[in-house]
Structure formats: C-alpha cells, structure tokens
Number of protein chains: 4
Amino acid sequence: MIILLKENASEQQLNDLSRWLEEQGVSLHATKGLHQTILGLIGDTSRIDIGQVMQMEIVEDVKRVQEPFKSANRKFHPLDTVVDVSGAKIGGGGLAVIAGPCSIENREQIHCVAEAVKKSGATFLRGGAFKPRTSPYSFQGMQGAGIELLLEAKKATGLPIVTELMDLSQLEYFDDVDVIQVGARNMQNFELLKQLGRLKKPILLKRGLMSTYQELLMSAEYIMAGGNEDVILCERGIRTFETYTRNTLDISAVPVLKKLTHLPVIIDPSHAIGMTEFIPSLSLAAVAAGADGLMIEVHNDPAHAKCDGQQSLTPAAFDAMMQKVMRLCQAIR
Amino acid sequence: MIILLKENASEQQLNDLSRWLEEQGVSLHATKGLHQTILGLIGDTSRIDIGQVMQMEIVEDVKRVQEPFKSANRKFHPLDTVVDVSGAKIGGGGLAVIAGPCSIENREQIHCVAEAVKKSGATFLRGGAFKPRTSPYSFQGMQGAGIELLLEAKKATGLPIVTELMDLSQLEYFDDVDVIQVGARNMQNFELLKQLGRLKKPILLKRGLMSTYQELLMSAEYIMAGGNEDVILCERGIRTFETYTRNTLDISAVPVLKKLTHLPVIIDPSHAIGMTEFIPSLSLAAVAAGADGLMIEVHNDPAHAKCDGQQSLTPAAFDAMMQKVMRLCQAIR
Amino acid sequence: MIILLKENASEQQLNDLSRWLEEQGVSLHATKGLHQTILGLIGDTSRIDIGQVMQMEIVEDVKRVQEPFKSANRKFHPLDTVVDVSGAKIGGGGLAVIAGPCSIENREQIHCVAEAVKKSGATFLRGGAFKPRTSPYSFQGMQGAGIELLLEAKKATGLPIVTELMDLSQLEYFDDVDVIQVGARNMQNFELLKQLGRLKKPILLKRGLMSTYQELLMSAEYIMAGGNEDVILCERGIRTFETYTRNTLDISAVPVLKKLTHLPVIIDPSHAIGMTEFIPSLSLAAVAAGADGLMIEVHNDPAHAKCDGQQSLTPAAFDAMMQKVMRLCQAIR
Amino acid sequence: MIILLKENASEQQLNDLSRWLEEQGVSLHATKGLHQTILGLIGDTSRIDIGQVMQMEIVEDVKRVQEPFKSANRKFHPLDTVVDVSGAKIGGGGLAVIAGPCSIENREQIHCVAEAVKKSGATFLRGGAFKPRTSPYSFQGMQGAGIELLLEAKKATGLPIVTELMDLSQLEYFDDVDVIQVGARNMQNFELLKQLGRLKKPILLKRGLMSTYQELLMSAEYIMAGGNEDVILCERGIRTFETYTRNTLDISAVPVLKKLTHLPVIIDPSHAIGMTEFIPSLSLAAVAAGADGLMIEVHNDPAHAKCDGQQSLTPAAFDAMMQKVMRLCQAIR
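The notes below deal with the structure included here.

What counts, and where the lines are drawn
- One numbering rule holds for all chains: residues counted from 1, following each sequence as written.
- Here every chain gets a letter starting at A, and every ligand a number starting at 1, in the order they are written.
- Residue-level local features of this predicted model are given only where pLDDT is at least 70; pairs of side-chain atoms are given and counted only at 80 or more, and the full residue set underlies all totals for whole chains, interfaces and linings.
- Hydrogens and waters are ignored; side-chain quantities use all the structure's heavy atoms.
- Alignment of copies: least-squares fit on C-alpha atoms of residues with pLDDT of at least 70 in both copies.
- When checking whether two residues touch, look at their non-hydrogen atoms; a contact exists if any pair is within 4.5 Å.
- Only a pair of cysteine sulfur atoms within 2.5 Å counts as a disulfide in this structure description.
- Strands here mean DSSP runs of E at least two residues long; helices mean DSSP runs of H or I at least four residues long; both are numbered from the N terminus.
- To sort residues, take the accessible area from a 1.4 Å probe on protein chains only and compare it with the maximum for the residue type: under 20% means buried, over 50% means exposed, and anything in between is partly exposed.
- Between any two strands, at least two bridges found by DSSP are needed for them to pair.
- Accessible-area loss on putting two parts together, using a 1.4 Å probe and summing over both, is the definition of buried area adopted here.
- What makes a salt bridge here is a side-chain nitrogen of Lys or Arg within 4 Å of a carboxyl oxygen of Asp or Glu, nothing more.
- Definition of a polar contact: a pair of N or O atoms within 3.5 Å, with one able to donate and the other able to accept a hydrogen when the atoms are protein atoms, and with sequence-neighbouring residues admitted only if both atoms are side-chain atoms.

Looking now at the relation of the copies chain A and chain B. Of the transformation placing chain A onto chain B, the axial shift is 0.1 Å and the rotation is 180°, giving an RMSD of 0.0 Å. Considering both components of the superposition, the chain copies are consistent with a two-fold axis. Residue M210 of chain A, judged by its C-alpha, is the member of chain A lying nearest the rotation axis, at 2.8 Å. Mapped onto chain B, 100% of the interface residues of chain A are again interface residues, and the two copies thus contact each other with one and the same surface.

Okay, structure coming up:
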C-alpha cells in the first residue's frame, strides 16, 4: 500500500499516522519530495481498511499494491485447487460439465434430462429447486420437493448434483447436495457467505452482475475465512449497456481470474447470453480460453419450460455441442 | 403485451397459443400482415411471464406495454403514499432528512451526532449496527449492542430511527426500530423481501448498484405483495464506467420513479459520490429535482470513523448544508 | 507518478530506468523495501506516457498522482475562466441559458423560437444545421442554409448563437457563429480538436457518452494546447445499463469538474433524459448543483419537429421552467 | 414497426397519423382494444425515424420490429460477404490474421515485424501512422512518412496492409493502402463514413467503446449506402465497470453479429484486454466462437515501443500463439 500525503502535512501528523500504521503490523518507508511525502507500506496490508486511511486529514490518496485477498490469492497458493466430489473433479486441467434444467419441474423431466446429459458427457447434474425470480408473481420453484427429485436423479445416474441455496432457512434440505450454488444476486449476501464458510461442502459462487473481479474474490475470501476452501468461481455475464444479449459474457474473466487465484473458474453461457442459438459458440470460446468447466441449461421441452426456456438447449443440441467441445479439448488442452 | 409471431406460424400453433393466453386471463386481438401476425393482449398481463412466452416456438419477439408491477404502480394508485412514523413523514410534499453515522461506534458518538443532526433539522436518525463490508477483515458493526445504543439516542432526541437489516436472523433486534433499511446488495434478496412483506413496519429499500428502475419497483412489489405497503425507495448511486466518484448518482431516478410509482423516493448522496466536499451540491440537486427526502452520513470525527469517514459530513458542515437546503425548499417547493 | 518495480529488478535495470526518467525532466526518489522498490517522480509528469512506462520489463505497476492535464487544471489556474461573447457570459457565477431547436427547419420556425426563448430569459440561441444522425436515412440538417437562417435570427434578437460543427470541411460556414459546438460523438476526434485550437472562437465541448472526466479534460487540453483557451464543458448524459431514459445525467460532473478545472461547466438535460416531462426537474437540479449554464431544446411545434421532438419543450413550458430556475438562483446562488 | 396509441386518441388524430405513415410508403393494420389501439406497420420501415413518430401527441410508445439497417442485413443478403484483397480473404469461413506494431516507428522495426508475422502465418500487415492519442502530449505517429515505410514492408513481404485514417485530410496518403481502418472513436464520425462510402477500398470499422451492435451496423450502413460494400466489422472491447482489463471483450459480438449481418466479423484482443499475457487465451476464444479474423499487435521490442507496448506480443510469443490457433482451426472449423 502506498500513501500520498498532502503538501501541508505536519511532522506531528506524520508521526501520528506512522504510529497508527505500525500498530496495524506493517513497516514503513517514507520518500520526501519537495512538495509531497510518499509512504510505502511493507508487510501484510490485507487487514488495513483503505477507506479508513483515505479519510485521514493528511492523506491525499491511497493506492493498494498488494491484493486485499489472501486465502484465494495465487501468490500465496501457487497450485490449482482441485474440488473433488466423489471422483468428479473441478479444476486442475480437466473440463467439468454441469448440465440440467433451470428448474426441476417433475420426476419425468429431471430423470429424462439427467440421463440425457450424462450420456453426452456431463459430469455434474444441475437443477433449481429454490428459484430467485425478479417478479413475485413468477414460478418460485418446487422447493424441498424439488431437492428430493434431484436426489433421486443423482441416485439413478450417479451424477453429483449442484443446486442453489437462496437463504439459510433452506439449509436443512441441502444435506445430500454435493455442491451448493450461490446465485449472482447473493454474491454479496455476506451473512450467507459466512455461514457457508462453516460447512464442509463445495460452494459454487456466481459473480454478481455488477461485481468486479476483486469483489468476487473478496466474497470467496468470506467463505474461505470460515475454513471452507472448496470454492468454485463462475462467470455468468455482467450487465453492460448492450441489451441485445441478456448479459455480456466477460470471457477475459477466465485467464484473469486464473492468474489471480488458484480456485477453479467455470463459465455459464446460458445466463450470459440468454438465447440458445449462441450458446455453443460461447461454450467453445470458454473452453478455448481455459475455463475449468461449463454450466449449461438443458431441458427436454424448452418451449414449455417453467423458466428460462429461451436459453435451454434440447438434449440433442447439447449432445452436438459436447462433441465439438471434446474435439476442441483434444486439440489444444 | 404485444406478441410478434414468426412468419411460418401455422394456424394450429396460433390457436394453441391463443388458448393458452386466454387461460391466463387476457383477451386477444390479432393483426395479420402479409408476412407477420401481431397479437395484442388486453387485460392484466402482470402475471404473465415474458420469458415463458418468448421461448415458444412460433414467437419471434414479445414487447411489454403494461408495467409488470401493480401494487407499486401509480396508474392504479394515483395519490402519493405518505409513510408516517409517529408524526415524522416521508412522502407527500415535505422533505424528510435522515442523518447519522455510517456505523454506531459507542454511546458518546451516537448521542453527540443525534443531538447535532436534530438541532440542524434532521427528522430521522440513522446509524448502522449490522454492516455489509466487502472484506471479511473489515469492521462488521456493533451488532445487537449497536441497536441498543441507537434506541437510547432515539429516546434522548425523540428522533425515529432507521437502521439496516442484513439477514432474517437479526430480526429479533428490530422490534423497536422505526424503519428497516434493506441495503443495495440485498435489493434482490427475495427471501428477505418476502419476510419483510409480512411485517407492519416501513421498509427503506435501496436501489442495487446495477438495478433498473423496473427491477427496483419489482423488489418493492415483493414487499407489498405480502401486505406491507410502506416502502420508501432510495437512489444511492449506480455503477458506471466513471470511477472518479464512488458511484454515479442517477438524479433522473427522482422524477422518473415519482411518475411510475406513488411510493416516496429519497436520495443518499453520501454513498453515491463518496467524498464529503461534493455532498452539499448533490443534496441541493436532489431537493431541486423533487426528492421526498435525503439520507446523509454525519460523523462527529470523520477522520477516525470506523467506516465511510471520507463520505461523512461533520455536524458543522451538515448544519451549513441544511440552511441552504431549507432556503431552496422555500423558494421552489 | 509512482512506479512500483518488480521484485527481481537488477541494479543495472534500475539505473537505466532512472536515467531515462531523468531525461524526461523529472527527478526521482527511491524507497527500497525488503521485496519491492518504489520510485516517486517529482516534477512535471504530464508529458510522460504512462503506457510507455508500464511496458518496461522491470515495472510492476504505475500510478499517476498528478493529473495529466495542465492548461485545463485548476491547480495551475485557480480563477474561473469566463467566456464572454459580446457581453453574454458563461462562467464566473452567473447562469447562461442556451435555448433553441434541435434542428433549424425554416425561417419562421427559428425566428419564432428565437423570439420566444429570448423573452423567457435565454442568453444564447442554439440550432442545428449540420446534424449527426445514427441512421444515414434520417434528416441530416439544412447545412449551410441553416446557418444563414440562424444568423438572421441572431440579427433579429441580438442573441449570440451556438451551433455544431461536424467536420472541418464545414468550417467556411462558421465565420459569424459565436460559439462552435463539438458533439459528444466527436469528443475524441483529435484532428478536429487540434484545428479548433487554432481558432479565436469559444468551443462548447460535449462529453462523450463513454468518456471519463479525465478524458473530457484531455480533449479540452487538445484545444487549449493550440492556444484557444475558451472552452466550455457540457455534460449531456452518459451511457449506462439503465435504458428507460435516453442517457443517464451524471449530475456529479458539475461539482467534480468545477473542482478539477477552471473552465465553465454546463448541463444539457434535453439529451440526457430525452423526455420533455422530466427536463424541468433536471434543469433545477443542475442549477442547484452549481452549473454555469443550461442548454435546452425548445421547439414551437414539437410534435412535428424533424428531430428530437420528444425532448423539446414548447415555448410555454420553457417559460414556466425559467421562472422556477430564476427563483432558485435568487434563493441559493 | 408497432405504434401504441394513447387511450384518448381521437378518430381525427388517428386518421392524420395514418395518412402520414402511408405517405412514408408503409401500409397499416389497426388493432382496437377496449382502452388502446395498436398500429402494425407493414413494409419497409427503415426510412421512418422512430423519434419522429414517438413525439406525436397521440403516440404512447413505438417498438421497432424490423431492423433499421438494410444493406448490412443478413435477412436481405443471406450469403457471407467475402472481402478479397489480391487473394487475401476476410470472411467466408477462413481465418484472416492481421498483425503488426501499434505504431510504425522506423524502417528496421516495421520490416523486422513484417517478416516475422508473415513467417508465423499472418495474412495482413498492420501498423499505425496516424495515431489517435488521448493526450496531446503523446506521440502522434509518423504520419505520411509512416505510410511510406508500411508500403515498403508490403513490397518486401507481399502482405496487404491495413492502417488507420483519422481525418479526411489524410486521404491523399492512402492510395496504395489495401484496407482503411476507422478507429473506435471515429465509429460515429458520420462525415468520414459518408466519404469512405464513395471509395473503392475495403473499410475495417471498429466498434465504439460504448456502441451497441445496432449502432455499429448503422455505421456500416453509412458506408454501404454510398456504394462501398466491403466493410469488415471489428469488436475491440467495450467499456464497462470492470477496470482490471483495459476494456471488456464482448465475445458474444461474434455469433450475434454474424447472425444479423453478412459482413465479416473480426476480433482485436490486444486493445480489448491490454495485457500481453492474456492475448493468446482471448485469441483462441475468438477463433472458437467463429470469428473471421484476428487483429494482433506485435512488436520486436515491446519494452521500448512508442505506444501500446504493454499489449504487444513479441514475434516469438505471436508464433507460439499462431500454432495453437491453427490446431484449433483444424479441430473445429
């Protein structure tokens, strides 16, 4: 961290500030120019609140050099984290494919989709039971009964399951769920993150529509600070001025996040673009960019899906896409 | 709602779609052009899921004419909602001023600030006890003990209090709180909104950093659908490409929201711009634009505040600003 | 400017870099930590290309302390620039009001509007002759003939005129134009800016839809570097994710730009919001925030305007707004 | 185009509007509901100004169904446009690779880079002679002398050349240039686009930092409306709230634009991300997504480049990347 002092900072003020900083456990080096003094902080600055320094009377500006996240930081943990769910892996060089319907609607639907995606090469089954919807008048998911059906499909296919938790009150239903998903709108629901940090279960953390890479990593840090180090990051489109697509897939998130952190990074093209016809192109792009996995919405009858049908692939379209994805993996990974 | 059908839609498909739509309680008028048929829907379309229509095979595009929010819609409730907390009002033509520190830090601080802001004309006292922080390593608020101190300050000054709830597990502390604040990051925490809809207590709902007007109104609708109609909307800056300011205050939200809804609309310039020196200008702008209230961070010692000191006015600066605000109100409101 | 060196920087590399920097006319102070060396640059860094430093092998990061603009910088020119056009002033505490139609359409229209806005208190007349339109199939303006009509209206009313130049090839028509407007889409048309820097005529420079404060100031710097110091900055809405309004008025631009620069700052609420009913609210907000002027579209028959009718006030609506604006000025300015 | 009328529209007003619309060459179908009348327009609506309709007194809202671009529209020209420069092609299934330095700096540099990129498989040579720079104090390019050197390198290698034109006054230097580039900041410099529409030379049109797909296509339409149909579209990153990367590459632009238009679509990852280490990942993603080409900055000595060194690959890094790109093409294209 570097602190620029105002021109008129007095010796006394500088001493006060220096003492306070050293109490935070860092050491200092001051560069005194003709007009301006610059303080360089050496040591672990991740616990220093940049806002608190900023507001001090003699401080003109503060620039962070070291990232404020530690557990998630690749600098301190160079090796890739590999999340292993009974042998199905996310991270470490392979490609995890999480597929299934937006919402679990009934037994036939989830079984039919589960069998189909397994056959095409999916390694995890997804399905929503608790659904965050913009309108209170839209279908809110099958709730606990949906989880039951998902667990049945897991038993039938052997695929580990991923499903979303919206609130801590729903936790009782998640005992046998393999990976808990935190949705984009909950990425900064800090109470939720803290509680999930106490579990022994992988967490799939979606990037908020408006969240920077650093904010995403700080949210992962909330979970990891509690002791749960199995966090999977998921880029699912950010909000920009372009409204033709549902969101804007930030493909750069793949190489950038993989540089900054050792956690696995996957892509959800379905929510990013919101239109089935473009999902294969984006999936191939994600794999080419180095993503550790894909998360894809598949529905046996998209035209009658209770939610997100316009962005759900049919099993046949998913199968065709998977063949291309596999050819791509063989060629460059 | 208007539905554009694809060129090749068959008579049979059109009949199926028409029947389904009529089952949703709307009536239809079809315009058949040479190449394209257009369906106009008449009636209450707020319960029709636009995504579900979009995904139907014969549908090319869907445009919503009627807004999807009902309880919050000014068309159906032309008169302003006035939230009345033991005589202190928000909405209906006056100007509510909610002031106080970002965080409650100790008894002296909150009492000192409460007395000061009351003297300068504030009508509500704010203070954070449960703090959403980007970093798990930052100060997380005094929690329940903070609420206790805030209640003491309420007793001493007679000012009704506003404070933030982050999670339903904290609800037990809020019995004597006058107005519950929902933070920007929780604007789409739908489980939380649903539960707050069952309370008999005004809710101050902050707009998310990347939420549209319509999404904000749909979140208000979640609360109102549960029976709680005392919702106050708060614009607090949105996230844009400009990073000089903390966020970008969307001043247009004032006249636009007041056209779309009967709910009161207030402005929080402190979080919007994040630098004290610009807060008076933005406050005056908000009042001139027609805002029903202001929410301002005031701290007796900003340089040592535990959070947001760089955007907290001193009591003296707040007092000077309030005098200008009052002159402005007299001149044009 | 502060330069952070990589951990493994050799003494030789550090010497080379230091020599190069000193050749650019700045002096250096180095802070050597255990792991990292920090260079602080003292002197005029506005001519140092931050990108060029960034790419050097031993450089980890570069942070600018001093702003890269000089002529436009309030630090070096503390007093407000006042642009004076035959007695009509922009800047320095008063309020300039520039009003008139989006496009000049015919003699009757421009005369009628000119007389009306003058009567209501406008101090400048605007009108477009060369029109930038998104579509090649839309009306492109009356061109040279439009300027002729505008000059007639100037003669009749005595109001100085403001009109847009799109390309240097049009310059021959601008001899008697008082203030030349550069549109938002041309804010970074650097060749145009350079040529305008050689004129002796005030330039009204609109902020681009996607341009930061600093980029706007750097574009003003292009003009001023050529010797033309009469630049007026105009905020006219930026592009964000919110699409209900045409653009998002960045009201914070007023106090922020006025801190950073001595140039006058005006607001164009017509283009910012794009809907007449909201323009008075935004105009009042702009004046309350401290703007040096307003730029307002007024048309005698908005429903038949050839462009931007939906954002043009009638003369009567403009008059009503101006009365409120004046009451506001008396109260707080 | 669909027009929603206000509830209180009179028969007379409706007749007036209908007559006006029919004069624009379209035919109408009216749907009269209980409260609202909807007009459906059939025919070529690309010349109808949506703003002009919007402002009419009886109009509540207008929605465009048909895209406002014609010449660029794939609906009317289903086959891919293939731009052919003496045998080097862009579009139609192959992969064009345009590589070279940001700025031409001297003879040795441009020859050295040209030979290197040719050897690695580049099909076009790029190099900037007229440079748009944010600061007037930065290097502005070698101008005409730079073009001379570029032409020499073309002769030596046989590679066709691509270089940027900033202003019409520079056109005299472009006689032997193969492809003229229009930069992102000039995407809506409509006078420039009109003039380029009269040339017989391919135009590489870069998407503006905050331009929508439709605006990009309308700018292409400006060129094509003049008779020049050889337009190549280039996505080079858009501006969003994320500032870690220089811009945000909108990879979805590839499949979306290729659906909407028959023009070739290429990607410039260098400007999009601005950091060399991430360029190979983004290039592979672009090719996997179906781009018709890549535009890559390569410099023989990035650390001493006069501009954009931090985003320029060395010839060796470019070569390594090209080998992966080719393996990818063989696998899935």
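Every disulfide links exactly two cysteines, by a covalent bond between their sulfur atoms. Counted under the stated rule, the structure contains four disulfides over all chains. Two residues share a disulfide in this structure: C102 of chain A and C307 of chain A, whose sulfurs sit 2.3 Å from each other. Disulfide C102 of chain A-C307 of chain A: torsion about the S-S bond near -65°, hence left-handed. Of the two residues, C102 of chain A is situated in the loop between β7 (96-100) and α3 (107-119) and C307 of chain A in the loop between β14 (293-297) and α10 (315-332); the sequence distance between them amounts to 205 residues. Not part of a disulfide, C329 of chain A finds its nearest cysteine sulfur in C329 of chain D, a span of 16 Å. No disulfide involves C112 of chain B; its sulfur sits 16 Å from that of C102 of chain B, the nearest cysteine.

All names here are of chain D. The side-chain alternation of strand β9 (residues 161-164) yields two buried faces, one formed by I161 and T163 and the other by V162 and E164. By the bridge criterion, three bridges tie β9 to strand β10 (residues 179-182) in an arrangement that is parallel. The partner of E164 across the bridge, within β10, is Q181.

Taken together, the 49 residues of chain A in the interface contact 49 residues of chain B. Three residues stand out in chain A for area buried against chain B, namely Q55, Y137 and M210 of chain A, and they jointly supply 19% of the buried area on that side. We note a salt bridge from R239 of chain A to E215 of chain B, for which the minimum N-O separation is 2.6 Å. If you look at where chain A meets chain B, you find 18 residue pairs in polar contact (both at pLDDT 80 or more). Looking at the side of chain A that touches chain B, the elements with two or more residues in it are α2 (50-54), α5 (190-196) and α6 (213-225) of chain A.

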